[in-house]
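# Structure assessment
Chain residues, written in single-letter form:
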Amino acid sequence: GVITGNAAILAEGIGGDGAADFVGGSGTGGTAFIEAAAGDTLTFGSAQVIASGEGGSGTGAVGGAGFGGAARISSLGAGTELTINTAPTEIDFSRDGGSTVAAHGVGGDTSGGTGIGGNATGGAALLEANAGGTINLPADGTRATISARAFAGRSTVADGVGGLAT
């Protein structure tokens, strides 16, 4: 099959913002994937697979935790071919910024309460071609980015601290 344009497969969790002196909600990414198997041929104009989580913030709130999920592109089995013609256009979510496969955790920012930014944990990002499967990435000079990063929440409180990124 052929999919033109930018195919965005998203499984994102975004925590709710907290009220003053409360904690923002946790955000946990789900599972997002593209899979070709058993001799399939799939072609995308561009593709983006995102499974990121972002903790909530809020005026005077402590930052919530953000947990990345699982994002993957797979081509499995002899004669299977998955092609991405060009790198994706940027989707503005949690610093994913144009990644082809991303599983980011983003802690919420804090501007009050105990002054502690939200913790963040990166997820799992995978690009796999197994058992004779083939993945063709952009050959047009653009780049395909696969990332599982953590961005801890910031603190704007005097003597506050940012969150922990793992």
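Data block above holds the structure.
Attention here is on the structure that accompanies the text. Numbering of residues starts from 1 in each chain and follows the order in which that chain's sequence is written. Owing to the predicted nature of the model, reporting of local features is limited to residues with pLDDT of at least 70; listing and counting of side-chain atom pairs is limited to 80 or more, with chain, interface and lining totals taken over all residues. Side-chain figures throughout are based on the complete set of non-hydrogen atoms in the structure, without hydrogens or water.

Turning our attention to the overall build of the chain. Along the chain, the regular secondary structure elements total 0 helices and 16 strands. The principal-axis extent of the C-alpha atoms belonging to the chain is close to 60 × 25 × 20 Å. Each residue's exposure class comes from its accessible area (1.4 Å probe, protein chains only) as a fraction of the maximum for that residue type: buried when under 20%, exposed when over 50%, partly exposed otherwise. Every one of the 166 residues in the chain was classed for burial, and the buried ones make up 43%. We call two residues contacting when some pair of their heavy atoms lies within 4.5 Å. Sequence separation of at least 24 residues holds for 76% of the intrachain contacts in the chain that already meet a minimum separation of 6. For the chain, the distance from the average site of its 5 positive side-chain charges to the average site of its 14 negative ones is 6 Å. Starting at the N terminus, helices and strands are each numbered in turn, a helix being any DSSP run of H or I of at least four residues and a strand any DSSP run of E of at least two. Charge counting treats Lys and Arg as positive and Asp and Glu as negative, with His and both chain ends excluded. Just so you know, the charge point we use is NZ for Lys, CZ for Arg, CG for Asp and CD for Glu.

Before going further, it helps to examine the nonpolar core. For our purposes a nonpolar core is just a set of buried Ala, Val, Leu, Ile, Met, Phe, Trp, Tyr and Cys residues, chained together by side-chain atoms within 4.5 Å. Residues Ile34, Phe44, Val49, Ala71, Ile73 and Leu82 are the most contacted members of the largest nonpolar core, which totals 16 residues. Mapped onto this core, the elements with two or more residues apiece are strand S4 (31-37), strand S5 (41-50), strand S8 (70-76) and strand S9 (81-84).

So, on to the sheet that holds strand S7 (residues 66-67). Only when DSSP finds a minimum of two bridges between them are two strands counted as paired. Reading across from one edge, S3-S7-S12 is the order of the 3 strands in this open sheet, with parallel pairing throughout. Whereas interior strands pair on both sides, the edge strands pair on one side only; in this sheet they are strand S3 (27-28) and strand S12 (120-121). Here 2 bridges tie S7 to S12, and the two strands are oriented parallel to one another. In the strand pairing of S12, Gly66 is matched with Ala120.

Before going further, it helps to spend a moment on the sheet that holds strand S11 (residues 105-106). What the 4 strands build is an open sheet, ordered S2-S6-S11-S16; its pairing is parallel. Bordering the open sheet on either side are strand S2 (13-14) and strand S16 (150-151), each of which pairs with just one other strand. Here 2 bridges tie S11 to S16, and the two strands are oriented parallel to one another. Bridge pairing links Val106 to Phe151 in S16.

With that settled, consider the side chain of Ser74. Note on placement: Ser74 falls in strand S8. Here Ser74 is in contact with Ile34, Glu35, Ala36, Leu82, Glu128 and Ile135, once residues within four sequence places are set aside.

Attention now moves to the packing of aromatic side chains. Side-chain rings of Phe, Tyr and Trp (the six-membered ring for Trp) are treated as a pair once their centres are within 6.5 Å; stacked means planes under 30 degrees apart, edge-to-face means over 60, and tilted covers the remaining angles. In this structure the tally under the stated criterion is 0 aromatic pairs. The criterion is that NZ of a Lys, or CZ of an Arg, lies within 6 Å of the ring centre and within 35 degrees of the ring normal, and then a charge sits over that ring. The ring of Phe33 has Arg72 sitting right over it, with the charged end atom 4.5 Å from the ring centre.

So, about the pairing of S4. On S4, burial follows the alternation: Ala32, Ile34 and Ala36 on one face are buried, whereas Thr31, Phe33, Glu35 and Ala37 on the facing-out side are not. In this structure, S4 lies alongside S8, joined through 7 bridges in parallel fashion. Across the sheet, the residue bridging to Ala32 is Ala71, located in S8.

Right, let's talk about the pattern of salt bridges for a bit. Should a side-chain nitrogen of Lys or Arg be within 4 Å of a carboxyl oxygen of Asp or Glu, the pair is scored as a salt bridge. If you walk through the whole model with that rule in mind, you get 2 salt bridges. For Glu35, the salt bridge is made with Arg72, and the minimal N-O distance between the two is 2.9 Å. Pair noted here: Glu35 is in strand S4 and Arg72 is in strand S8, with a separation of 37 residues, a long-range link.

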